Amino acid sequence: NPSPGTQTALLSSALRAHELPRGTIAGWAACEFSAMRELRTLLRDEMGLGSSSLYISSYWKLGINEAEHKQVKSDDTKAQQG
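Just so it is clear, the model here is predicted, and its values are computed rather than measured.

**Student:** Would you mind showing me how to read the side chain of Ser-57 here?
**Tutor:** Looking at the secondary structure, you find Ser-57 in strand E2 (residues 54-60). Contacts of Ser-57, omitting those with residues within four sequence positions, involve Ala-29, Ala-30, Cys-31, Met-36 and Lys-73.

Structure below.
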């Protein structure tokens, strides 16, 4: 991505273009926050990897500082836990 933090669908679109190898039981990804959310949805909802089989995290979020990112990330984690 020539403009990190923008075009957040690039990662999920690239992954969607490929089938997971047969027998895939786990996944790991780390990227910008918005791209992470799109990847998480793809891997969990469309590709069937369960939360316990998936580590996905964001290192940063476009437009906010580190402290704000930590809060957004914490809020997102709490929302995912339901």
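**Student:** Got a minute to help me understand the packing of helix H1 (residues 9-16) against helix H2 (residues 33-46) in this structure?
**Tutor:** Helix packing geometry: the angle between the two helix axes and the distance between the axes. For the pair H1 and H2, interaxial distance at closest approach is 7 Å and the crossing angle is 25 degrees. Considering their axes alone, H1 and H2 lie roughly parallel with respect to each other. In this structure, H1 uses Ala-9, Leu-11, Ser-12, Leu-15 and Arg-16 to contact H2, whose residues at the interface are Ala-35, Glu-38, Leu-39, Leu-42, Leu-43 and Glu-46. Of the residues contributing to the contact of H1 with H2, the split by class is 7 nonpolar, 1 polar and 3 charged.

**Student:** I keep staring at helix H3 (residues 66-81) and nothing clicks. Help me out?
**Tutor:** In this model H3 runs 23 Å from its N-terminal to its C-terminal C-alpha over 16 residues, within 8% of the 22 Å that 1.5 Å per residue would give. Near the N-terminus of H3, the side chain that reaches the backbone nitrogen of Ala-67, with its oxygen 3.1 Å away, is that of Asn-65. Backbone geometry just after H3 places Gly-82 at a positive phi near 75 degrees.

**Student:** Explain the packing of H2 against H3 to me, please; I cannot follow it from the model alone.
**Tutor:** Between H2 and H3, whose axes approach to 12 Å, the crossing angle comes to 20 degrees. As summarised for this structure, H2 and H3 are arranged roughly parallel, according to the angle between their axes. Both H2 and H3 take part in a crossing whose hand is right-handed. Each of Phe-33, Met-36, Arg-37, Arg-40 and Arg-44 in H2 lies in contact with H3, whose residues at this interface are His-69, Val-72, Lys-73, Asp-76 and Gln-80. A class-by-class count of the residues in the contact of H2 with H3 yields 3 nonpolar, 2 polar and 5 charged.

The rules behind the values
- Residues numbered from 1 in each chain as written.
- Predicted model: local features only at pLDDT ≥ 70, side-chain atom pairs only at ≥ 80, totals over all residues.
- Heavy atoms only, no water.
- Helix = DSSP H or I, 4+ residues; strand = E, 2+ residues; numbered from the N terminus.
- Contact = heavy atoms within 4.5 Å.
- Axes fitted to C-alpha atoms, helices over the stretch in contact; angles between N-to-C directions.
- Parallel < 35°, antiparallel > 145°, perpendicular 65-115°, else oblique.
- Nonpolar A, V, L, I, M, F, W, Y, C, P; charged D, E, K, R; others polar.
- Expected span 1.5 Å × (residues − 1).
- Polar contact = N/O pair within 3.5 Å; in protein donor to acceptor, adjacent residues only side chain to side chain.
- Left-handed = near helix turned anticlockwise from the far one by under 90°.

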